[in-house]
Amino acid sequence: MDYVYEVGDIVRLKKPHPCGSSEWEILRVGADFRLKCLGCGHMIMVPRTMVEKNTRGLQKKNP
């Protein structure tokens with residue numbers, strides 16, 4: 001499935017974070033993504049390819 005990623009969207013990834021949450025808020029989009037865990041608030045930078053490969057769902061931000 002081909003997703004269009006935007007800042008503010010919530011992405012569900014395949015593997016959960018150690019805190020137990022699988023949902024991440026997108027804070028930055030580009031060659032790398034900055035993601036914030038919705039469970040504990042931890043922020044990470046990951047390559048776009050990793051996010052595209054491991055996405056299991058995308059919830060668009062409210063307008």
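The structure we're discussing is the one just above.
Residues numbered from 1 in each chain as written. Predicted model: local features only at pLDDT ≥ 70, side-chain atom pairs only at ≥ 80, totals over all residues. Heavy atoms only, no water.

Novice: Would you mind going over the environment of methionine 50 with me for this structure?
Specialist: Examined against the element boundaries, methionine 50 turns out to sit in helix α1 (residues 48–54). Judged by its relative accessible area of 29%, methionine 50 falls in the partly exposed class. Placed 17 residues apart in sequence, methionine 50 and phenylalanine 33 show a C-alpha to C-alpha distance of 9.3 Å. (Helix = DSSP H or I, 4+ residues; strand = E, 2+ residues; numbered from the N terminus. Buried < 20%, exposed > 50% of the residue type's maximum accessible area, 1.4 Å probe, protein only.)

Novice: Sorry if this is basic, but what is going on with the pairing of strand β4 (residues 43–47) here?
Specialist: Moving residue by residue along a regular strand, the side chains alternate between the two faces of the sheet. As defined by bridge partners, strand β3 (residues 32–37) adjoins β4 across 5 bridges and the pair is classed as antiparallel. Across the sheet, the residue bridging to lysine 36 is methionine 43, located in β4. (Pairing = 2+ DSSP bridges.)

Novice: Explain the pairing of strand β1 (residues 10–13) here, please?
Specialist: Where β1 lies against strand β2 (residues 23–28), 3 bridges are found, and the strand directions are antiparallel. From the neighbouring strand, isoleucine 10 faces β2, where its bridge partner is glutamate 25. In this sheet, strand β5 (residues 55–59) lies alongside β1 in antiparallel orientation, the contact comprising 4 bridges. Bridged to isoleucine 10 within β5 is glutamine 59.

Novice: Mind showing me how you'd approach the side chain of threonine 55 here?
Specialist: Residue placement: threonine 55 occurs in strand β5. Under the relative-accessibility criterion, threonine 55 is labelled buried at 8%. Reaching out from threonine 55, the side chain makes a polar contact with the side chain of tyrosine 5 at a distance of 2.9 Å. Contacts of threonine 55, omitting those with residues within four sequence positions, involve Tyr3, Tyr5, Val11, Arg12 and Leu13. (Polar contact = N/O pair within 3.5 Å; in protein donor to acceptor, adjacent residues only side chain to side chain. Contact = heavy atoms within 4.5 Å.)

Novice: What's the story with the sheet that holds β1 in this structure? I'm lost.
Specialist: Strands belonging to one sheet form pairs held by backbone hydrogen bonds; the direction of such a pair is parallel or antiparallel. On the basis of which strands lie adjacent, the open sheet formed by 5 strands has the order β4-β3-β2-β1-β5 and antiparallel pairing. Either end of the sheet is taken by a strand with one partner, and the two such strands are β4 and β5. Along the sheet, successive strands turn relative to each other by an average axial angle of 35°, direction set aside. Sheet analysis places β2 next to β3, joined by 4 bridges and oriented antiparallel. (Axes fitted to C-alpha atoms, helices over the stretch in contact; angles between N-to-C directions.)

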